[in-house]
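# Working through the structure, step by step
Given next are the chains, with one letter for each unit.
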Amino acid sequence: MPKLARWDDFPAAVRTHLIQRMREREISIADLAKLRNWAALNPELPDGPWFKDFGTFKICGQGALPKTFLLKGQIATGVEL
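Residues numbered from 1 in each chain as written. Predicted model: local features only at pLDDT ≥ 70, side-chain atom pairs only at ≥ 80, totals over all residues. Heavy atoms only, no water.

### Digging into the packing of aromatic side chains
Applied cut-off: A pair of Phe, Tyr and Trp rings is counted when the ring centres sit within 6.5 Å of each other, with Trp represented by its six-membered ring. The angle between the planes then sorts it: under 30 degrees is stacked, over 60 is edge-to-face, the rest tilted. What counts as a helix is a DSSP run of H or I of at least four residues, what counts as a strand is a run of E of at least two, and both are numbered from the N terminus. Only protein chains enter the accessibility calculation, which uses a 1.4 Å probe. A residue is then buried if its area is under 20% of the maximum for its type, exposed if over 50%, and partly exposed in between. Distance and angle both matter: a charge sits over a ring if NZ of Lys or CZ of Arg is within 6 Å of the ring centre and within 35 degrees of the ring normal.
In this structure the tally under the stated criterion is 5 aromatic pairs. With a centroid separation of 6.0 Å and an interplanar angle of 50°, the aromatic rings of W38 and W50 are classed as tilted. In this pair, W38 is assigned in helix α2 (residues 29-40) and W50 in strand β1 (residues 49-53), connecting sequence segments 12 residues apart. A single burial state applies to W38 and to W50, both of which are buried. Among the aromatic residues, those joined into a cluster by ring pairs are W38, W50, F54, F57 and F69. We note K52 situated over the ring of F54; from NZ or CZ to the ring centre the distance is 5.6 Å.

### Description of the side chain of D31
Our working definition: Any two residues whose heavy atoms approach within 4.5 Å at even a single point are treated as in contact.
By secondary structure assignment, the location of D31 is in helix α2. Classification of D31 as buried rests on a relative accessible area of 10%. When near neighbours in sequence (up to four residues on either side) are disregarded, D31 contacts T56 and F57.

### Brief notes about the sheet that holds β1
Whether parallel or antiparallel, the strands of a sheet pair through hydrogen bonds between backbone atoms. How we decide: When DSSP finds two or more bridges between two strands, those strands count as paired.
Reading across from one edge, β3-β2-β1-β4 is the order of the 4 strands in this open sheet, with mixed pairing throughout. The open sheet has two edge strands with one neighbour each: β3 (65-71) and β4 (79-80). Sheet topology places strand β2 (residues 57-62) next to β3; 6 bridges connect them, and they run antiparallel. Of the residues in β3, the one forming a bridge with K58 is L70.

### Points about the pattern of salt bridges
Rule in force here: Salt bridges are defined as contacts in which a side-chain nitrogen from Lys or Arg sits within 4 Å of a carboxyl oxygen from Asp or Glu.
Under the criterion given, the structure shown has 4 salt bridges. Residue R6 is joined to D8 by a salt bridge in which the shortest nitrogen-to-oxygen separation is 3.6 Å. In this pair, the class of R6 matches that of D8, namely exposed. Of the charged contacts in the structure, one is a salt bridge between D31 and K34, with a shortest N-O distance of 3.7 Å. Of the two residues, D31 and K34 are both situated in helix α2; the distance of 3 residues between them amounts to about one turn of the helix. Of the residues examined, K34 reaches a relative accessible area of 36% and is grouped as partly exposed.

### Examining helix α1 (residues 12-24)
The line we're drawing: Multiplying 1.5 Å by the residue count of a helix minus one yields the expected span of that helix. By construction, the arc corresponds to the directions joining the helix axis to the C-beta atoms.
For α1, spanning 13 residues, the distance from its first C-alpha to its last is 18 Å, which sits close to the expected 18 Å at 1.5 Å a residue. For α1, every residue scored as buried is listed here: V14, L18 and R21. One side of α1 holds all its buried residues, which, seen down the axis, span an arc of 65°. Turned more than 90 degrees away from the buried face of α1 sit A13, T16 and R23, all of them exposed. Among the structural elements, β3 are those in contact with the buried residues of α1. E26 lies just past α1 and shows a positive phi near 50°.

Below is the structure:
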């Protein structure tokens, strides 16, 4: 099972997309702290689509890479972590 990739290892286009979605969806600093704490655990992820629900937002990805942020009410697909 892949581990969550480090920010510096994300392709530039993925980093740009995540920053854009974070701003558009108004992900707060407190929410990002939750994400950072989870990432620090070096979680194992499925090879396919996955998502992690943090209550006020979701992060969705595939394999080692996060792909986007969703708002609380948006429906995510893949394996829930």
